[in-house]
Amino acid sequence: MTHRRTAGSLGRSDAGIALGLGILAVAYLSQWPQNLGRSDEALFLYHARLVFEGAVPYRDFFDFHTPLASYAMAAAFALGGTTLATAKLATAGVHGLTVALVFVAGRRFGGDARLCAALALAFLALGPPSWPHASPHWIATPLVVGL
């Protein structure tokens, strides 16, 4: 008796592929240059450093973004130090999570594994190159895909 995978179920191989794709994305993006972007990257990292040092958003400083990204980056700073390398690696981790979730979402809807992997890699090829900065906007991407 063979077991058929139905839409909505994930097998062990799917979890392994998703993990592999996420690790591949982090490994690839961690090799990118660590240049400070011309966008709002510096302000975002400064606010994350303030949170890391104990400041409270909307009391000690104001930002138009919700504070989740600042708290997440502050946690990364607590683990790796307040460096640009830590910020870029944390952003690579967010992209790796997004890549894995794109694959899992496609498989949950019954997509072919090869097509779902190609779609996840398409995000990696198109998303981060279009905005290669540590940005609070990227934190929404895996949250939306995960929903």
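1. Overview of the overall build of the chain
Right, so step 1: Scanning the chain from N- to C-terminus turns up six helices and zero strands.
Right, so step 2: The secondary structure elements of the chain, listed N-terminal to C-terminal, are α-α-α-α-α-α.
Right, so step 3: Out of the 147 residues belonging to the chain, those deemed buried represent 36%.
Right, so step 4: Of the contacts formed within the chain by residues at least 6 apart in sequence, a portion of 70% connects residues at least 24 apart.
Right, so step 5: Of the roughly 8800 Å² of accessible surface on the chain, a fraction of 67% belongs to carbon and sulfur atoms.

2. Here we look at a nonpolar patch on the surface
Right, so step 1: A contiguous nonpolar surface patch, about 430 Å² in accessible area, is contributed by Tyr 58, Phe 62 and Phe 64.
Right, so step 2: With respect to the helices, strands and loops of the structure, Phe 64 is situated in the loop between α2 (41-52) and α3 (68-80).

3. Digging into the nonpolar core
Right, so step 1: Judged by nonpolar contacts, the single largest core of 16 residues is most densely connected at Leu 21, Val 99, Phe 103, Ala 120 and Leu 124.
Right, so step 2: If you list the elements that add at least two residues to this core, you get α1 (12-29), α4 (84-108) and α5 (113-130).
Right, so step 3: Counting residues per element, this core draws most heavily on α4, at six residues.
Right, so step 4: In contact with Leu 124, not counting residues within four places along its chain, are Ala 25, Tyr 28, Leu 29, Val 99 and Pro 129.
Right, so step 5: In this structure, Phe 44, Leu 45, Phe 77 and Ala 134 belong to the second largest nonpolar core, which totals nine residues.

Cut-off values and rules
Residues numbered from 1 in each chain as written. Predicted model: local features only at pLDDT ≥ 70, side-chain atom pairs only at ≥ 80, totals over all residues. Heavy atoms only, no water. Helix = DSSP H or I, 4+ residues; strand = E, 2+ residues; numbered from the N terminus. Buried < 20%, exposed > 50% of the residue type's maximum accessible area, 1.4 Å probe, protein only. Contact = heavy atoms within 4.5 Å. Areas by Shrake-Rupley, 256 points an atom, 1.4 Å probe, with all protein chains shown as cover. Patch = residues over 30% accessible without salt bridge, like charges linked within 9 Å, V, L, I, M, F, W, Y side chains within 5 Å. Salt bridge = Lys/Arg side-chain N within 4 Å of Asp/Glu carboxyl O. Core = buried A, V, L, I, M, F, W, Y, C linked by side-chain atoms within 4.5 Å.

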